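A look at the structure
Next come the chains, spelled out residue by residue.
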Amino acid sequence: MRKLAAGNWKMNGTSATLAELEALSRAHPDPGVDVLVCLPATLIHPARTLLDNAPVALGGQDCHAAASGAHTGDIAAAQLADAGASAVILGHSERREDHGETSDRVRQKAIAAHQAGLIAVICLGETLAQREAGETLAIIGAQLSASLPDTCTAANTVVAYEPVWAIGTGKIPTKAQIADVHSFVREGLIAELGAQEAAGLRLLYGGSVKPANAAEIFGIENVDGALVGGASLTAAEFSPIIRALEASVHPA
Ligand code: PGA
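First, a word on scope: everything that follows refers to the structure included in this document.

Parameters at a glance
- Residues numbered from 1 in each chain as written.
- Predicted model: local features only at pLDDT ≥ 70, side-chain atom pairs only at ≥ 80, totals over all residues.
- Heavy atoms only, no water.
- Helix = DSSP H or I, 4+ residues; strand = E, 2+ residues; numbered from the N terminus.
- Buried < 20%, exposed > 50% of the residue type's maximum accessible area, 1.4 Å probe, protein only.
- Polar contact = N/O pair within 3.5 Å; in protein donor to acceptor, adjacent residues only side chain to side chain.
- Contact = heavy atoms within 4.5 Å.
- Core = buried A, V, L, I, M, F, W, Y, C linked by side-chain atoms within 4.5 Å.
- Axes fitted to C-alpha atoms, helices over the stretch in contact; angles between N-to-C directions.
- Left-handed = near helix turned anticlockwise from the far one by under 90°.
- Nonpolar A, V, L, I, M, F, W, Y, C, P; charged D, E, K, R; others polar.
- Pairing = 2+ DSSP bridges.
- Salt bridge = Lys/Arg side-chain N within 4 Å of Asp/Glu carboxyl O.

Overview of the side chain of Asp 62
Mapped onto the fold, Asp 62 is located in the loop between strand 3 (57-60) and helix 3 (77-83). Judged by relative accessible area, Asp 62 falls into the buried class, the value being 11%. Of the polar contacts made by the side chain of Asp 62, one reaches the side chain of Lys 109; its length is 2.7 Å. Asp 62 has contacts with Ile 75, Leu 80, Val 88, Ile 89, Leu 90, Arg 95, Glu 101 and Lys 109, leaving out every residue within four places of it along the chain.

Structure, rendered in structure tokens:
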């Protein structure tokens, strides 16, 4: 499987910020891992034009479950694909919180993404209260089975484990905590998709991934890359994370 360094710009950036993407693509003309940056929808088409055929894939951060229609302010998966996206983040905890998105809704969106030919990057994660109550694996298991549709394959789906309490906080779970959840998710995927698809499906860790902690995180079993928020906004921070992932594939 090819590892994946994915960025999530969230609601940050305007056309001026695309200079960061250009710098990133110049720094990685032939990356040894997949590089994906999930942009605000308005920036996808200009970014694709700017980057031309450079090996930086672009994604959206949400899509509607319907193919088209009367849904003011929403965006369809086919519209993201048309703009130049090859992936879309679904079920990020900020959408689950801000917009009341349920796992059932995330599953419907993932079906729409797959129908439009997009890779669905499906996010799972427990809150601090749930972790402290010892409910982490129960929450992750429930989110996993309810959020992934039958259309999932290793090629069209990525799962990101993002503890809500680690996002944007600088707090990181221990290596053992990450390893536990990732191996639990891998087992769940084996049960849902079969051993072969489950083995090839990328499991990302997300939540306060930075240049300083990336190598350690990428050394954890069943971590196939990262979903990076704040540190994906500049080439100066995202680039060393990409290099750390490359180094985990081909240790020097
Ligand atoms: P962070 O965000 O890297 O800024 O913690 C990660 C995410 O929300 O995807």
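Here's the deal with the nonpolar core
Ranked by size, the top nonpolar core spans 61 residues in total, and within it Leu 21, Val 37, Leu 39, Leu 58, Val 185, Phe 218 and Phe 238 carry the most contacts. The dominant element in this core, judged by the number of residues it contributes, is helix 11 (residues 235-249), at 6 residues. The contacts of Leu 21, once residues within four sequence positions are left out, are Trp 9, Val 37, Leu 39, Ala 47, Leu 51, Val 56 and Leu 58. Judged by nonpolar contacts, the second largest core, of 12 residues, contains Leu 36, Ala 87, Ile 89 and Cys 123.

Notes on unusual backbone geometry
The phi angle at Asp 52 is positive, at roughly 55 degrees, despite the residue not being glycine. Inspection of the secondary structure puts Asp 52 in the loop between helix 2 (41-51) and strand 3. Under the relative-accessibility criterion, Asp 52 is labelled exposed at 53%. The backbone phi angle of Asn 222 is positive, close to 70 degrees, even though this residue is not glycine. Assignment of secondary structure puts Asn 222 in the loop between helix 10 (211-218) and strand 8 (225-228).

As for the environment of Ala 155
Mapping Ala 155 onto the fold places it in the loop between helix 7 (136-147) and strand 6 (157-161). Of the residues examined, Ala 155 reaches a relative accessible area of 60% and is grouped as exposed. Along the sequence, Ala 155 and Lys 175 sit 20 residues apart, while their C-alpha atoms lie 27 Å from each other.

Description of the packing of helix 1 (residues 18-27) against helix 2
In contact at an axis separation of 10 Å, helix 1 and helix 2 are set at 40 degrees when each is read in the N-to-C sense. The handedness of the crossing between helix 1 and helix 2 is right-handed. Only Leu 43, Pro 46, Ala 47, Leu 50 and Leu 51 of helix 2 make contact with helix 1, whose side of the interface consists of Leu 18, Leu 21, Glu 22 and Ser 25. Residues belonging to the contact of helix 1 with helix 2 are distributed by class as follows: 7 nonpolar, 1 polar and 1 charged.

Thoughts on the sheet that holds strand 4 (residues 87-90)
Spatially, the 8 strands close up into a barrel ordered 1-2-3-4-5-6-7-8, and their pairing is parallel. Between one strand axis and the next, the sheet turns by 25 degrees as a mean value, whatever way the strands run. For strand 6 and strand 7 (residues 202-206), the ladder comprises 4 bridges, and the chain directions are parallel. The partner of Val 159 across the bridge, within strand 7, is Leu 203. Contacts between helix 8 (residues 175-193) and the sheet are confined to strand 5 (119-124), strand 6 and strand 7, with strand 7 contributing the most and set at about 150 degrees to the helix.

Describing the pattern of salt bridges
Counted under the stated rule, the structure contains 12 salt bridges. Of the charged contacts in the structure, one is a salt bridge between Glu 101 and Arg 95, with a shortest N-O distance of 2.9 Å. A salt bridge links Asp 104 to Arg 107; the nearest nitrogen and oxygen atoms lie 2.2 Å apart. Of this pair, Asp 104 and Arg 107 both sit in helix 5 (residues 103-115), separated by 3 residues, roughly a single helical turn. We classify Arg 107 as partly exposed; its relative accessible area is 26%.

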